[in-house]
Structure formats: C-alpha cells, structure tokens
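Fold and geometry: a report
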Amino acid sequence: MTVRHPYENRLAAFDRHPHPYNSTALVLFEELLRQTADEGEAERFADADWLGRAVGFLATQRPRTAGAIREAVSKARQV
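So, on to the pattern of salt bridges. One pass over the full model with this rule turns up five salt bridges. Among the salt bridges present, the one from R34 reaches E31, with a minimum N-O distance of 2.5 Å. With R34 and E31 both in helix α1 (residues 23-38), this residue pair falls three residues apart, about one helical turn. The exposure class of R34 is partly exposed, given its relative accessible area of 38%. Its salt-bridge partner being D38, residue R34 comes within 2.7 Å of it at the nearest N-O pair. Taken together, the residues span about one helical turn, with R34 and D38 both in helix α1 at a distance of four residues. A residue is classified by how much of its surface remains accessible, and D38, at 54% relative accessible area, is exposed. Here the residues in one salt-bridge network are E31, R34 and D38, joined through shared partners.

Here we come to α1. Helical geometry: 3.6 residues make up each α-helical turn, so side chains three or four residues apart lie on a common side. Over its 16 residues, α1 runs 22 Å from end to end, which matches the ideal 22 Å to within 8%, given 1.5 Å per residue. The complete set of buried residues in α1 reads T24, L28, E31, L32, Q35 and T36. Each buried residue of α1 sits inside an arc of 125° when the element is viewed along its axis, so together they form one side. Opposite its buried face, α1 presents the exposed residues S23, E30 and D38, each directed more than 90 degrees away. On the buried face of α1, the contacting elements are α2 (48-59) and α3 (66-78).

A few words now on the packing of aromatic side chains. For the coordinates displayed, the defined rule picks out two aromatic pairs. Relative to F45, the ring of F29 has its centre 6.4 Å away and its plane inclined at 80°; by these criteria the two rings are edge-to-face. Separated by 16 residues along the polypeptide, F29 in helix α1 and F45 in the loop between α1 and α2 bring together distant segments of the chain. Centroid distance F45 to W50: 5.6 Å. Interplanar angle 85°. Geometry classified as edge-to-face. Side by side, F45 and W50 carry an identical accessibility label, which is buried. Aromatic ring contacts, followed pair by pair, group F29, F45 and W50 into a single cluster.

Reading the values: the criteria
- Residues numbered from 1 in each chain as written.
- Predicted model: local features only at pLDDT ≥ 70, side-chain atom pairs only at ≥ 80, totals over all residues.
- Heavy atoms only, no water.
- Salt bridge = Lys/Arg side-chain N within 4 Å of Asp/Glu carboxyl O.
- Helix = DSSP H or I, 4+ residues; strand = E, 2+ residues; numbered from the N terminus.
- Buried < 20%, exposed > 50% of the residue type's maximum accessible area, 1.4 Å probe, protein only.
- Expected span 1.5 Å × (residues − 1).
- Arc of directions from axis to C-beta.
- Contact = heavy atoms within 4.5 Å.
- Phe/Tyr/Trp six-rings, centres within 6.5 Å; stacked < 30°, edge-to-face > 60°.

See below:
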C-alpha cells in the first residue's frame, strides 16, 4: 500500500482491530479515500490529527443513502 508522498510503499497490517467493521463503516472509509484523493489531498492521510478527527466524526454518523454518505464524508473532511 502506498501511504504518502513521495509514494513510499509499506506493508500495513489491518488485522489488529478489536472488532470487525460493518458495511457502513467500510463504505464511509471508501468514500473518504475517494473524496480526499479526488481533491488531490491524499497526503492528509499522513496527518494523524486530521485523520483522527475525520474518523471520529464519521464514527458517529449513520447515513443510509449514497447522498447522505457523500455529505457526511464531505463534512468529516472539514473537521
């Protein structure tokens, strides 16, 4: 996986979480990745403070439509 500019590849273990993620959480994360990359801001994922705030905000959301998911992620990117 490529984690930051200038394209440093590294192996990231995703098997150390206390519980499995539900489908809503996975869709929210996918949308966060998409929106952030589309805006040319993928380097923000290297900012632990920003990522923590965005994920913390999304953890409280329960969107059920595609539009609500896009809106929630858009708001999360601004926190």
